Amino acid sequence: MRAFPSLRCLLLVSACGLLACARQGPGPTATPPATEAPLAASAKGEKFPELVDAVFAAAFDYSPTNATSYGLHEYDGRLDDLSRPRIEARIRELEALLARVRAVDRASLSFDEAIDAEALEHQLLADHYELSVVRSWEKNPMSYAGLPGGAVDGLMKRDFAPKVERLRSVISRLKAVPAVYAAGKANVQAPPREFTDLALRMAKGSVGFFEGSVTQWATDAAGGDTALLAEFTQANAQAVAAVKDFARWLEQDLLPRSTGGYALGEERFLTKLRYEEMISLPLPELLARGEANLEKDYQAFVATAKRIDPKLTPAQVMASLEKDHPTAEDLIPSVRRSVEGVRKFLLEKDLVTIPSEVRPRVEETPPYARSGSFASMDTPGPFETKATEAFYYVTPVEPEWTAQHKEEHLRLYNKPVVDLINIHEVWPGHYLQFLYAPRFPTKVRKLVGVGSNAEGWAHYTEEMMLDQGYGNGDPKLRLAQLSEALLRDCRYVTGIKLHTAGWTVEDGARLFRERCFQQPANAYEEARRGAYNPTYLYYTFGKLEIQQLARDYTTTQGASLKQFHDAFVAQGSLPLPLVRRLLMR
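Residues numbered from 1 in each chain as written. Predicted model: local features only at pLDDT ≥ 70, side-chain atom pairs only at ≥ 80, totals over all residues. Heavy atoms only, no water.

## With respect to the nonpolar core
L167, L286 and Y392 are the most contacted members of the largest nonpolar core, which totals 188 residues. Counting residues per element, this core draws most heavily on helix α8 (residues 193-222), at 14 residues. Ignoring sequence-local partners within four residues, the contact set of L167 consists of W217, A218, A221, A222, L228 and F232. (Core = buried A, V, L, I, M, F, W, Y, C linked by side-chain atoms within 4.5 Å. Buried < 20%, exposed > 50% of the residue type's maximum accessible area, 1.4 Å probe, protein only. Helix = DSSP H or I, 4+ residues; strand = E, 2+ residues; numbered from the N terminus. Contact = heavy atoms within 4.5 Å.)

## Points about the confidence of the model for the protein chain
Confidence in the prediction for the protein chain averages 92 pLDDT; 92% of positions are at 70 or higher. Across residues 2-43 the pLDDT falls below 50, and counting only partners more than four positions away or on other chains, this stretch makes 151 contacts in the model. (pLDDT = per-residue confidence, 0-100.)

## Things to note about the state of the cysteines
Scanning the model with the defined rule gives 1 disulfide in all. In this model C490 forms its disulfide with C516; the gap between the sulfur atoms is 1.6 Å. Judged by the torsion about the S-S bond (90°), the C490/C516 disulfide is right-handed. With C490 in helix α20 (residues 475-500) and C516 in helix α21 (residues 505-516), this pair connects stretches of sequence that are 26 residues apart. Pair check on accessibility: C490 and C516 agree, each one buried. (Disulfide = S-S within 2.5 Å.)

## As for the sheet that holds strand β1 (residues 361-364)
Here we have 3 strands laid out as an open sheet, ordered β1-β3-β2, and mixed in their pairing. Each of the sheet's edge strands pairs with one partner strand only, and the pair in question is β1 and β2 (375-378). For this sheet, the mean angle separating the axes of adjacent strands, direction not counted, is 30°. Pairing of β2 with strand β3 (residues 391-394) involves 4 bridges; the strand directions are antiparallel. Each residue of the ladder has a partner; that of S376, found in β3, is Y393. On the sheet, helix α13 (residues 331-338) packs against β1 and β3 and is oriented at approximately 165° with respect to β1. (Pairing = 2+ DSSP bridges. Axes fitted to C-alpha atoms, helices over the stretch in contact; angles between N-to-C directions.)

## Quick word on the packing of aromatic side chains
Applying the stated rule across the entire model yields 18 aromatic pairs. Between F60 and Y75 the ring centres are 5.8 Å apart and the planes differ by 50°, which places this aromatic pair in the tilted class. Note that F60 is positioned in helix α2 (residues 48-62) and Y75 in the loop between α3 (64-69) and α4 (84-103), a separation of 15 residues in sequence. Like Y75, F60 is buried. Arranged with centres 5.2 Å apart and planes meeting at 35°, the rings of Y538 and Y539 form a pair that is tilted. (Phe/Tyr/Trp six-rings, centres within 6.5 Å; stacked < 30°, edge-to-face > 60°.)

The following block contains the structure:
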C-alpha cells in the first residue's frame, strides 16, 4: 500500500485515502460540473503552465499538510480546515478550476501538455465528485481521526530544517488540532460502524503518540529554549485533551448511532472509477475480469501447493508456511534483515535502473495510521530538496488484541510472504517509484497519481521478479506470490460486491478466507478496507494492464524488459491509458 499522496488525496485531505468511503441512499446526482460553468476572467487565453500552478496552489491551500509531504515547506505552519464552510467553498473552487481546464484549447498544446491536461481534468472531476456527491467527509470519521497525527509526524520525522524551526511549525499545527476534531463532530452524522471502529482505533493510538513520541521529540528539539518548550507543552496539552474528547465522542456518542451504509451503488461506483482511474468498463465485464483472474490464480495456487506437499490441502500447505513467522518483538527487526536481498537481485539481473543509493527505514506503522493496512511506504515528496528519510512501515500487533488475533496477524509475516511484501513496497515496487518522482518530467506528473498505476506497478513486480528467477524456482515463494495475487483478486471482487451487490463485510471476509486462504482476523481487515476504499480493484486491474503494456512495448519497440521498466517508472503515476499513449507514441 502506498502512502504517497496523489492530487486526489490532496483534495480530499487524506494521504492514506481515508475519505474513500460511501454514502448510501438518495443524494446528489452523478452529473459532473457542466462545461458551461462560469469561467474566471483570466481563463480566456490562459497559458497552460499558469493554470497548472493555479490548480496546485489551490490544492495546497486547501490541504497544507499534503504540501508538506510533497516537500513544499511554506505551508508547514498550517493545518487543514475541515469545516463544512471550507469544504463547500472547495467544491465551488473545483468547479471553477475544472471550467478553466476545459476552456484550454487542447489543439494549441504540445503532446505532453495535452496528456497532462487530460490527467488534470480527470483528477479535478474525481475530487469534485468525492466532495460533492460521495461526500465521505460526512460519513467517515477516520479522516478526522488520522489527520492531526500525520500532520505533526510529517514535520518531525524528516530533517528538512533545523529541529527548532520545525518545532515552531509543530506548535502552530497543534494549536489547530482541536478545530479538526470539532469539524469531525459537526460533519459526521451516521457513518457505517466499520468506519467508526477504525476511527476509534486511530484516535486512541493518537493519544499515546502525542503524549509520548511528540513530547519526547519536542523536548529534544527545543534545545533548552524553555519559553518555546512551554508554548509546546500548552499546545500539546490542548491537542491531547481534544483527541481524548474525540475518542470519547466516537465511543460513547457516534458508535451507538453508526448505522449508516457504505455501499455506493453501481452508478456511483462506476463514475468514481471512471473519474479516478480512467477505467470505463461496464460492470459485468469489469467483474468478469476480476473473477476470471481469481479463478486462474486459485487454480495455480492449488497446483503449487500440491508440489509442496500433495498430502495436505492447499489451506494446510499455506498454514504450514505461516508457522515460520516472527514474534511480536522481532517483527520489525526481521523485516529489516530481509530487505537488502531483493535489491541485490535487481542489480544482478539488471532489471531496472536504480537512481539512488538511499535506503528506506523499516519502522512501525504510526498509531494514527493503523487503519487496516499491514505494510506501507512513506517517502519524501518530489519537491523535497533536503530530507531523504523514507519509511517502510510494518503494522505491529495491538496490545488490546486477543492472543488469537495477535497470532493470526503475525502469521501474515511469514518469510516467503515478507519477501513478496518487500518486492511490492520497496524493490522494485513503491520505493523505486518514489526515487524516480523528483525526475518526473512535469509538475502534473509529480503531483497526479492513481492507484491502478502505482499499486498496479508494485503488484506487477511481484510476479515479474519470480518469473525472472528470484527465489530460484522455490515453490514456497511461488505460493507466497500467488497468495498475494489472490489477496488482490479478492479485493477486486469484494470491492465491487460490497458496493454494487449488497455484500456485507462478513461476506467479503468469507471470500478472503475461502478463496484467498487468509487468516480470519486478516480476512476481516481486508474486507473492511473495501468498505472505505471501494475501488481497490486497482491492484489486479493495474497489474493486468501493465503486463499487457509490457508485451506491447517490448514487441513493437524492440525493447528489453529493463527498457520497458525504465520507461514506465519515468512517466509518473498517471492513469494507465495516458501512460500507454506516452510509451506507444
